[in-house]
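A look at the structure
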Amino acid sequence: MTSNTSLPLKKIPDTQTVTAVTHYTDRLFSFRVTRPASLRFRSGEFVMIGLMGDESHETGKQKPLLRAYSIASPSWDEELEFYSIKVPDGPLTSKLQHIKIGDEIILRPKPVGTLVHDALIPGKRLWFFATGTGFAPFASLLREPQTYEDYDEIIITHTCREANELKYGAELIDDLKSNELLNAVIGKNFWQRIKYYPTTTRNQSQKVGRITDLMHSGVVFTDLNVIPLNRDTDRAMICGNLAFNLELKAMLEEYGLVEGANSKPAHYVVEKAFLD
Ligand code: A2P
């Protein structure tokens, strides 16, 4: 269709309403928003979310400030959950950390990402390796029935600077035990197939050290009483800061695992935890 009349091109941002906010530390918080009825996504994917920015001094106009955020809720959830860092001078998170129930956020409903089951070939054990807010996509996948349908054992490692930064993940894993859907679909005691391995690097906790070092030394495998990774049985997903992703990727390649993608499933996939 063509027309000579000029239509207004200004796009109205897609907004969703905040339904819950939980602050964990002065650096971390999670929040939930309404889910657009038309939004379909695969557990582990991310979307662009944000807020309107300040008025530009030059144009007097406001532009949306958007960042990629992993959806932390599973694909079956009626709402969407996100887990975020607070960066004091971060353009978005310095504002986002102040959201309250009833506020509106912008959400572009175009989910994408590689941390999805479709990007892995069948295996027996699934490893989730996270640092910091990189736990978010695994918060989704840990609540996704397919995770337990496809694998016998799920091992989740989470490395943070301080012990209080593990709280979101620890509570979520504990809550899985009473998750009605997973209990009904997968069966009682499904959670016994999960091995959780939290570590901290800058203060005391049950286990101190970077997961990469603990794997190099073999301590992880001894602690968990499991055999080291091998390409025949193990599949893995990595989500953390860039240096961590690169180091772990190199380690997995040493174990013989090959990187997969949506278009070419293989043994492991990796995604950056998106920060300001
Ligand atoms: P460390 O405290 O030794 O730097 P951040 O908050 O900076 O994203 O880091 C989150 C966690 O990831 C920290 O515990 C940090 O340890 C750890 N980390 C950072 N880089 C690496 C890496 N290359 N390999 C393993 N862990 C890392």
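Below, the discussion takes up the pairing of strand 9 (residues 194-200). Summarising burial for strand 9: five of the seven residues are buried, a large majority. With seven bridges joining them, strand 8 (residues 153-160) and strand 9 adopt parallel strand pairing. Paired with Ile154 across the strands is Ile194, a residue of strand 9.

Inspection of the region around the ligand gives 13 residues, with Arg161, Thr201, Arg202, Arg210 and Glu247 positioned closest. The side chain of Arg161 places a nitrogen or oxygen atom 2.9 Å from an oxygen atom of the ligand. Within the contact set of the ligand, an oxygen atom lies 3.1 Å away from a side-chain nitrogen or oxygen of Asn241. The element that contributes the greatest number of residues to the shell around the ligand is helix 8 (residues 242-254), accounting for three residues. In the shell around the ligand, the residues fall into three nonpolar, five polar and five charged.

A few words now on helix 8. For helix 8, which comprises 13 residues, the first-to-last C-alpha distance of 19 Å matches the rise-based estimate of 18 Å (1.5 Å per residue) to within 8%. In this structure, the buried side of helix 8 is in contact with strand 7 (125-131), helix 6 (211-216), strand 10 (234-240) and strand 11 (268-272). Once helix 8 ends, the next one or two residues include Gly256, with phi positive near 95 degrees.

Turning our attention to the sheet that holds strand 9. Taken together, the five strands give an open sheet; going across it, the order is 9-8-7-10-11, and neighbouring strands pair in parallel fashion. Here the strands that pair on one side only, and so sit at the sheet edges, are strand 9 and strand 11. Taken over all neighbouring pairs, the strand axes of this sheet differ in orientation by 10 degrees on average, direction set aside. Along the sheet, helix 8 contacts strand 7, strand 10 and strand 11; its crossing angle with strand 10, the most-contacted strand, is approximately 165 degrees.

Moving on to the side chain of Thr25. Looking at the secondary structure, you find Thr25 in the loop between strand 1 (15-23) and strand 2 (28-34). For Thr25, a relative accessible area of 11% gives the class buried. Dropping the residues within four chain positions of it, Thr25 is found in contact with Lys86, Asn164 and Glu165.

Before going further, it helps to spend a moment on the environment of Asn183. Structurally, Asn183 is set in helix 5 (residues 180-185). For the pair Asn183 and Pro145, spaced 38 residues apart in the sequence, the C-alpha separation amounts to 9.4 Å. Those residues in contact with Asn183 that lie beyond four places of it in its chain are Leu176, Lys177, Ser178, Lys188, Asn189 and Phe190. At a separation of 2.9 Å, a polar atom in the side chain of Asn183 contacts the main-chain carbonyl oxygen of Asn179.

Another aspect to go through is the confidence of the model for the protein. Chain-level statistics for the protein give a pLDDT mean of 93 and a share of 94% at 70 or above. Low pLDDT, under 50, characterises residues 1-10; the stretch is placed with zero contacts to residues that sit more than four places away or in other chains.

Looking now at the domain arrangement of the protein. In terms of domains, the protein is made up of domain 1 (15-111) and domain 2 (117-270). Relative placement of domain 1 and domain 2: their C-alpha centres are 25 Å apart. Facing the 19 residues of domain 1 at the interface are 21 residues of domain 2. Between domain 1 and domain 2 lies a buried interface of about 1700 Å² when both sides are counted; carbon and sulfur atoms form 55% of it.

Parameters and conventions
Residues numbered from 1 in each chain as written. Predicted model: local features only at pLDDT ≥ 70, side-chain atom pairs only at ≥ 80, totals over all residues. Heavy atoms only, no water. Buried < 20%, exposed > 50% of the residue type's maximum accessible area, 1.4 Å probe, protein only. Helix = DSSP H or I, 4+ residues; strand = E, 2+ residues; numbered from the N terminus. Pairing = 2+ DSSP bridges. Near = heavy atom within 4 Å. Polar contact = N/O pair within 3.5 Å; in protein donor to acceptor, adjacent residues only side chain to side chain. Nonpolar A, V, L, I, M, F, W, Y, C, P; charged D, E, K, R; others polar. Expected span 1.5 Å × (residues − 1). Contact = heavy atoms within 4.5 Å. Axes fitted to C-alpha atoms, helices over the stretch in contact; angles between N-to-C directions. pLDDT = per-residue confidence, 0-100. Domains from an automatic or database assignment. Buried area = accessible area lost by both parts, 1.4 Å probe.

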